Amino acid sequence: MTTSATTKRIGIVGIPPLAIIKQLEAEGCIIFDLDEPHVKRDIELASSYLPRVFCAILRTVIINGLSLQLDRIYIDVGPGKCDCALHTATILADILPETTVITTRNQDSAAFGTPLCTARLPLLEKISAITKSVQSARPYQDLAACVPTAGFWGVPPRDFSLLSLFPDTTHVFGWTRCMENKTPDHQQLEALINPDIPTVFFAQSFCAKTALARHLANKHPHGLYVDCDVTAGNSTKAKIEAFLELSTTPPGSLTDSYPPSSDPLSF
Ligand code: SF4
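Residues numbered from 1 in each chain as written. Predicted model: local features only at pLDDT ≥ 70, side-chain atom pairs only at ≥ 80, totals over all residues.

**Student:** I tried to follow the nonpolar core on my own but got confused; where do I start?
**Tutor:** Generally speaking, soluble globular proteins have nonpolar side chains that are buried together. Ranked by size, the top nonpolar core spans 61 residues in total, and within it Ile-73, Ile-75, Phe-152, Trp-153, Phe-201 and Phe-202 carry the most contacts. A domain split of this core shows at least three residues from each of domain 1 (9-104) and domain 2 (115-246). Once residues lying within four places of it in the same chain are set aside, the contact partners of Ile-73 are Gly-11, Val-13, Leu-34, Gly-65, Leu-92, Thr-99, Val-101 and Ile-102. (Core = buried A, V, L, I, M, F, W, Y, C linked by C-beta atoms within 7 Å. Buried ≥ 20, exposed ≤ 12 C-beta atoms within 10 Å, placed from the backbone. Domains from an automatic or database assignment. Contact = placed C-beta atoms within 7 Å.)

Written out as structure tokens, the structure is:
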């Protein structure tokens, strides 16, 4: 990509509405997904602005905001993200006077589909591609769905290294699935599970989604609830590895559809 002094540097938090993404693409902006680490700085730096006991993804947003010299930040604060993001938006606007902070409430309902969530691909690669897909308004390529042997439910974790523990035949559920479908406020899709496959229900520590993750894990016949803060420690990784190794259920059905719905992607 060629850049010039007039190319705008834009940060996004969560999933801004599609209309904004189209506008940013038309303007040729450089987009940074602030939910992911972009700079090697100690996350403790965020503690001047946010409590230590707070979602590590939003603490990462603060570090990125302080480091990337952005022209604008679009931060989704609606039901497709969370109240923690709403308060983080207030703080960003205060501490970054050179950056325009724009809050959005994404309630897009056009389903783009979830081909990556069900494709056969290393999970780390798959979730990286899903997070990248947020920056584009283009439709997805068709990908064949694989027969799943495991499930990952949750948001893209702050520490992607835990994703390398899963088999390539892992289907993705939860908010990450809503992300690929470009419908972040789709509660029915977020609650979709496949009861036939062992599933890890992941949430960031201190996030309200811990409640839903643990609830679904308790209901699931082969579910494991896990929450992590900044990084996934060895004991968490060992727990996931043991769970996946010891869950000797046969491959699940190709269609992830529980609770049943005629078209789980649509509202
Ligand atoms: S993990 Fe939870 S608290 Fe953190 S940004 Fe996402 S929804 Fe908000």
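Now that the structure has been shown, the text picks up again.
**Student:** Any chance you could explain the site of the ligand here in plain terms?
**Tutor:** Cys-55, Ile-57, Leu-58, Lys-81, Cys-82, Cys-84, Ala-85, Val-155, Gln-204, Cys-207 and Lys-209 make up every residue found near the ligand. Mapped onto the shell around the ligand, the elements with two or more residues apiece are helix H2 (56-67) and helix H3 (83-95). Tallied by class, residues from the shell around the ligand come to eight nonpolar, one polar and two charged. The residues that make up the shell around the ligand include at least three from each of domain 1 (9-104) and domain 2 (115-246). (Near = placed C-beta within 6 Å. Helix = DSSP H or I, 4+ residues; strand = E, 2+ residues; numbered from the N terminus. Nonpolar A, V, L, I, M, F, W, Y, C, P; charged D, E, K, R; others polar.)

**Student:** I would appreciate a short explanation of the pairing of strand E7 (residues 199-204) in the present structure.
**Tutor:** Along any regular strand the residues' side chains alternate between the sheet's two faces. For E7, a buried count of six out of six residues is recorded, marking the element as mostly surrounded by other parts of the structure. Residues of E7 alternate between two faces, with Thr-199, Phe-201 and Ala-203 on one and Val-200, Phe-202 and Gln-204 on the opposite face, all of them buried. Relative to E7, strand E5 (residues 150-153) runs parallel, the two being bridged by three bridges. Residue pairing for E7: Trp-153 is matched across the bridge by Phe-201. In this fold, E7 hands off to helix H8 (residues 209-219), which returns the chain to strand E8 (residues 223-228); that crossover is right-handed. (Pairing = 2+ DSSP bridges. Right-handed = clockwise from strand over helix to strand, strands pointing away.)

**Student:** Explain the environment of Cys-228 here, please?
**Tutor:** You can see Cys-228 is positioned in strand E8. The exposure class of Cys-228 is partly exposed, given the 19 C-beta atoms found within 10 Å. Residues Cys-228 and Ala-203, 25 residues apart in the sequence, show an inter-C-alpha distance of 6.9 Å. With near-sequence residues (within four places) excluded, Cys-228 lies in contact with Pro-157, Asp-159, Leu-162, Gln-204, Ser-205 and Thr-236.

**Student:** What's the story with H8 in this structure? I'm lost.
**Tutor:** Each turn of an α-helix holds 3.6 residues, which means side chains three or four residues apart point in the same direction. Regarding H8, the residues found buried are Lys-209, Ala-213, Leu-216 and Ala-217. Looking straight down H8, one finds that the buried residues subtend no more than 105 degrees of arc, so they occupy a single side. Exposed and facing more than 90 degrees away from the buried side of H8 are Ala-211 and Asn-218. Contacts from the buried residues of H8 go to E5, helix H6 (175-181), E7 and E8. (Arc of directions from axis to C-beta.)

**Student:** Explain the environment of Asp-71 to me, please; I cannot follow it from the model alone.
**Tutor:** With respect to the helices and strands, Asp-71 occurs in the loop between H2 and strand E3 (72-76). On the basis of neighbour counts, which here come to 14 C-beta atoms within 10 Å, the residue Asp-71 falls in the partly exposed class.

**Student:** Is there a simple way to explain the sheet that holds E5 in this structure?
**Tutor:** Remark on secondary structure: sheet strands pair via backbone hydrogen bonds, oriented parallel or antiparallel. Pairing in this open sheet of four strands is parallel, and the strands run E6-E5-E7-E8 from one edge to the other. The strands lining the two open edges of the sheet, one partner per strand, are strand E6 (170-173) and E8. Neighbour to neighbour, the strand axes of the sheet diverge by 20 degrees on average, direction disregarded. Pairing of E7 with E8, which is carried by six bridges, proceeds in the parallel orientation. (Axes fitted to C-alpha atoms, helices over the stretch in contact; angles between N-to-C directions.)

**Student:** I tried to follow unusual backbone geometry on my own but got confused; where do I start?
**Tutor:** Peptide bonds are mostly trans, and most non-glycine residues show a negative phi. Unlike most non-glycine residues, Lys-182 shows phi in positive territory, near 60 degrees. Note that Lys-182 resides in the loop between H6 and helix H7 (187-190). Residue class for Lys-182 comes out buried when judged on the 25 C-beta atoms lying within 10 Å of it. In this structure, Phe-206 is a non-glycine residue whose phi angle is positive, near 70 degrees. Inspection of the secondary structure puts Phe-206 in the loop between E7 and H8.

**Student:** What exactly am I supposed to notice about the domain arrangement of the protein here?
**Tutor:** Much of the literature gives interface size as the accessible area that the parts lose upon coming together. You can read the domains of the protein as domain 1 (9-104) and domain 2 (115-246). Placing a centre on the C-alpha atoms of domain 1 and another on those of domain 2 gives a separation of 23 Å. Contacts between the two partners involve 22 residues from domain 1 and, on the opposite side, 16 residues from domain 2. Counting residues per element, the side of domain 1 that touches domain 2 draws most heavily on helix H1 (residues 18-27), at four residues. Taken together, the residues that form the side of domain 1 that touches domain 2 break down as 12 nonpolar, four polar and six charged.

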